[in-house]
Amino acid sequence: MSGPAAPVASPPAGQPAGLAFDAAMESEIAAILARYPRPGAGLLPVLWLCQRRWGWISPAAMSAVAARLGLAPAFVEGVVSFYTMFQRRPPGRFLLQVCTTLSCQLCGTGELVAHLKRRLGVDFGGTSADGAFTLVEVQCLGACGEGPVIQVNDDYYGDLTVERLDAILDRLAAS
Amino acid sequence: MSASILLAARGLAGSRSLANYRSRGGYRGLAKALAMEPAAVVAEVRASGLRGRGGAGFPAGVKWGFVPTDSPKARYLICNADESEPGTFKDRELILVDPHMVLEGIAIAAYAIGARTAYLYIRGEFVREAAILDEAIAEARGAGLLGRRVLGRDFDLEIHVHRGAGAYICGEETALIESLEGKRGLPRLKPPFPAVVGLFGCPTVVNNVETLACVPHIIVRGSAWFAAIGTQRSTGTKLFCVSGHVRRPGVYEEVMGISFRELIEERCGGIRGGRALKAFIPGGSSAPVLPAAKIDTPADFESVAAAGSMLGSGGVIVMDETVDMVWALENLLTFYAHESCGQCTPCREGSDWALDVVRRIRRGHGRPHDLETLRRIARYASQGMTICPLGDAFCGPIASFLEHFGQEFEAAIAGATAPPTLLPVLPLRSDRGLFDHGAGGA
Ligand SMILES: Cc1cc2nc3c(=O)[nH]c(=O)nc-3n(C[C@H](O)[C@H](O)[C@H](O)COP(=O)(O)O)c2cc1C
Ligand code: FES
């Protein structure tokens, strides 16, 4: 599972070593754990909660989750690194996830990718200089009938052309 | 023979609400099922001939029958909404159009197998779809259709949505179970099958969204009604997801057995730009590719198998005459090399190796023995050499691309030049490519 490789051993700055869940998170965690007979099964939902709250999964977040669920930190890191959607580095404000699988490619993803790299001045894995956009390549997003498809944070955009994409990026950049 | 059973509410305003679903007869199947013995529900679904829509086509009622009834353990139902097979986008459509139909199917199946908890595992990218399901669950709970004493009967049921986090392999049922338990999604060896030892070590049935969505209709209208639709061994309707070079891509609900010609030429308006069809992948990217000459194949489990491929998930990827098949195979192998979980050597190494070989063929550095190397990889990473069928999933494409479009690969190799240095010049994904010199004979 190759996401943008993040050297977890040397954590990027930006998050304190000892991270704590506030009351709101604690109550969400309690609700999550009530859904499963074993606390470990709550790992993915709790990681999602952390990512929603903090924007990415830092080493400090992994330690806090491990302590809360009674798991080894290394186990949690192993799980986080298996899944491509957990961000192990803080992404830009907008994460542009470009599907490069067959159906989308047949409908013109290549042109969009070339344009995006030019416009943002980055390659896959890079973040634009203004910190607004992180560009990543992803596999089939399950929306192949609308190819080419790009997911921006949580939202899908389909049937894209360079013009439509530019309009979307302009709007996001200004937001 | 367009059909409208699962997607009857498409285009209807407010179709996602409970009130709307009920106004169309929704949850009558659940009420009817709860008045039956669980075993009778299983028997009804078995008699309908309903086969799994997640890819393998296993009869749903038969699978439910494998759940031991004498076990003191809890039993679980899992609805598989991972929708991770490239070319597949039907479960998302069902959730967007009629989430309560999916929930009703889950509830009936849970009742039939004696489960009191069901999980709906949905791919992490489907954030909006997960929220729609959460909302529908809350609504159903509020109406006494879930929770304690469903519809006042002696049956409790909770359904929880569980989001994945980006991994194709988690669509495979045992990897899904591992993921749901909070682990890396590494498939388990079978047997034991999940029906006996599944989630948390308990008997578990995993069914696809579309499979479960058929269930309420079977219960309401009867197995004979369902069995009369389609062909003798592929009953009911099927959601076909057509993508690629057609004029009108999208999800089409059709009676099993419609021909790919009708689907592609009539429903989808034919090939874009008036070009000719070159090839199509009939059942999601793992299904062997078929050449245009097979377009009259009926789209049902048996006919597609007889044509040398599989109906799979119903994801039909259409390619026109301009597609470079070496490029297309490289694209597919990129997917599998990325998604192999890494547990089994033949799959982990084979997918990377095959990708390296196809890549160099396309870059004009192919070697005479490369096709033999690819055929060997396709032979040795498939058919039971791996824990799960991801090995087969990339070997089928390799073998079929070479079978039907081998000349394109041969031509690329014939025109190849030696790479400018002894070491591979390609940006290899790993050092593995270094070891395949002379692989055809070694
Ligand atoms: C690599 C791989 C990926 C799979 N992905 C999915 C998927 O995304 N959705 C799905 O329903 N089944 C998928 N399956 C099939 C499941 O393992 C399982 O057979 C299916 O969910 C059972 O449901 P059904 O009998 O209703 O089809 C996949 C299988 C493999 C080997
Ligand atoms: S191929 Fe891009 S969404 Fe499926």
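Residues numbered from 1 in each chain as written. Chains lettered and ligands numbered in written order. Predicted model: local features only at pLDDT ≥ 70, side-chain atom pairs only at ≥ 80, totals over all residues. Heavy atoms only, no water.

Student: Which parts of the structure should I look at to understand the confidence of the model for chain A?
Tutor: Taken as a whole, chain A shows an average pLDDT of 92; of its residues, 90% reach a score of 70 or greater. Scored below 50 in pLDDT, residues 1–13 of chain A makes 23 contacts in the model with residues more than four places away or belonging to other chains. (pLDDT = per-residue confidence, 0-100. Contact = heavy atoms within 4.5 Å.)

Student: Quick question: what am I supposed to make of the site of ligand 1 here?
Tutor: Residues and elements named next belong to chain B. The environment of ligand 1 is formed by 17 residues, the closest being Gly54, Lys63, Asn207, Asn208 and Thr211. Glu83 has a polar backbone atom sitting 3.2 Å from an oxygen atom of ligand 1. Within the backbone of Glu173, an N or O atom sits 2.9 Å from an oxygen atom of ligand 1. Protein coverage of the free-state accessible area of ligand 1, which is 620 Å², stands at 90%. The dominant element in the shell around ligand 1, judged by the number of residues it contributes, is strand E4 (residues 204–208), at three residues. (Near = heavy atom within 4 Å. Polar contact = N/O pair within 3.5 Å; in protein donor to acceptor, adjacent residues only side chain to side chain. Areas by Shrake-Rupley, 256 points an atom, 1.4 Å probe, with all protein chains shown as cover. Helix = DSSP H or I, 4+ residues; strand = E, 2+ residues; numbered from the N terminus.)

Student: How should helix H5 (residues 90–97) of chain B be read in this particular structure?
Tutor: Every α-helical turn comprises 3.6 residues, leaving residues that sit three or four positions apart pointing alike. A large share of H5(B) lies buried, amounting to eight of its eight residues. Among the residues making up H5(B), those that are buried are B:Lys90, B:Asp91, B:Arg92, B:Glu93, B:Leu94, B:Ile95, B:Leu96 and B:Val97. (Buried < 20%, exposed > 50% of the residue type's maximum accessible area, 1.4 Å probe, protein only.)

Student: Is there a simple way to think about the domain arrangement of chain A in this case?
Tutor: The domain architecture assigned to chain A consists of domain 1 (23–82) and domain 2 (94–174). Computed from C-alpha coordinates alone, the two centres of domain 1 of chain A and domain 2 of chain A are separated by 29 Å. (Domains from an automatic or database assignment.)

Student: For this particular structure, what's the right way to read unusual backbone geometry?
Tutor: A negative phi angle characterises most non-glycine residues, just as the trans form characterises most peptide bonds. Cis geometry is adopted by the peptide bond preceding B:Pro191, which originates at B:Lys190 and carries an omega value of -10°. Cis geometry is found at the peptide bond from B:Pro191 to B:Pro192, where omega equals 0°. For B:Pro192, the location among the structural elements is in the loop between helix H8 (173–180) and E4. The backbone of A:Asn153 sits at a positive phi, close to 50°, despite the residue not being glycine. The topology assignment puts A:Asn153 in the loop between strand E3 (150–152) and strand E4 (155–157). Residue B:Tyr27 is not a glycine yet carries a positive backbone phi of 70°. Relative to the assigned elements, B:Tyr27 resides in the loop between helix H1 (18–23) and helix H2 (28–34).

Student: Even after reading the chapter, I still don't get the nonpolar core, so can you show me in this structure?
Tutor: The nonpolar side chains of a soluble globular protein tend to be buried with one another. One finds B:Met319 and B:Phe394 to be the most contacted residues of the largest nonpolar core, which totals 89 residues. Residue contributions to this core peak at ten residues, all from helix H16 (residues 390–414) of chain B. With residues near it in sequence (within four places) discarded, B:Met319 still touches A:Leu102, A:Leu106, B:His245, B:Leu277, B:Lys278, B:Ala279, B:Ile281, B:Val289, B:Met325 and B:Ala328. Formed by 81 residues, the second largest nonpolar core is a distinct cluster that contains B:Tyr27, B:Ala112, B:Ala140 and B:Leu239. (Core = buried A, V, L, I, M, F, W, Y, C linked by side-chain atoms within 4.5 Å.)

Student: Help me out: how do you make sense of the interface of chain A and chain B in this one?
Tutor: Interface size, as often reported, equals the accessible area lost upon joining of the parts. With 39 residues of chain A at the interface, the matching set in chain B holds 53 residues. Here chain A and chain B share an interface that buries about 3700 Å² over both sides, 60% of which is from carbon and sulfur atoms. A per-residue breakdown of the area chain A buries against chain B is headed by A:Phe82, A:Leu102 and A:Leu106, which together make up 18% of the total. For the side of chain A that touches chain B, a count of residues per class yields 22 nonpolar, 13 polar and four charged. (Buried area = accessible area lost by both parts, 1.4 Å probe. Nonpolar A, V, L, I, M, F, W, Y, C, P; charged D, E, K, R; others polar.)

Student: Help me out: how do you make sense of the side chain of B:Ser259 in this one?
Tutor: Residue and element names in this part refer to chain B. As for its position among the elements, Ser259 is in the loop between strand E6 (250–255) and helix H11 (260–267). We classify Ser259 as buried; its relative accessible area is 18%. Apart from the residues within four sequence positions on either side, Ser259 is in contact with Ile295, Asp296, Thr297, Pro298 and Ala299.

Student: Just to check I follow, could you spell out the pairing of E4(B) for this structure?
Tutor: Along any regular strand, the residues point their side chains to alternate faces of the sheet. Residue and element names in this part refer to chain B. With five of five residues buried, E4 lies mostly within the body of the structure. Here strand E1 (residues 76–81) runs beside E4; their pairing, made up of five bridges, is parallel. Its bridge partner being in E4, Ile78 is matched across the sheet by Val206. (Pairing = 2+ DSSP bridges.)

Student: Any chance you could explain the environment of A:Leu49 here in plain terms?
Tutor: Residue and element names in this part refer to chain A. Along the chain, Leu49 falls in helix H2 (residues 43–54). Through-space distance from the C-alpha of Leu49 to that of Tyr156 is 21 Å; in sequence the pair is 107 residues apart. Not counting residues within four places of it along the chain, the set of residues in contact with Leu49 comprises Met25, Glu28 and Ile29.

Student: Help me understand the domain arrangement of chain B, please; the structure alone is not making it clear to me.
Tutor: Residue and element names in this part refer to chain B. You can read the domains of chain B as domain 1 (18–227), domain 2 (237–320) and domain 3 (325–436). When each unit is reduced to the centre of its C-alpha atoms, the spacing between domain 1 and domain 3 is 37 Å. In this assembly, twelve residues from domain 1 lie in contact with ten residues from domain 3. In terms of surface lost to domain 3, no three residues of domain 1 exceed Tyr168, Ile169 and Pro187, which account for 52% of the buried area on that side. The interface formed by domain 1 and domain 3 contains zero salt bridges. (Salt bridge = Lys/Arg side-chain N within 4 Å of Asp/Glu carboxyl O.)

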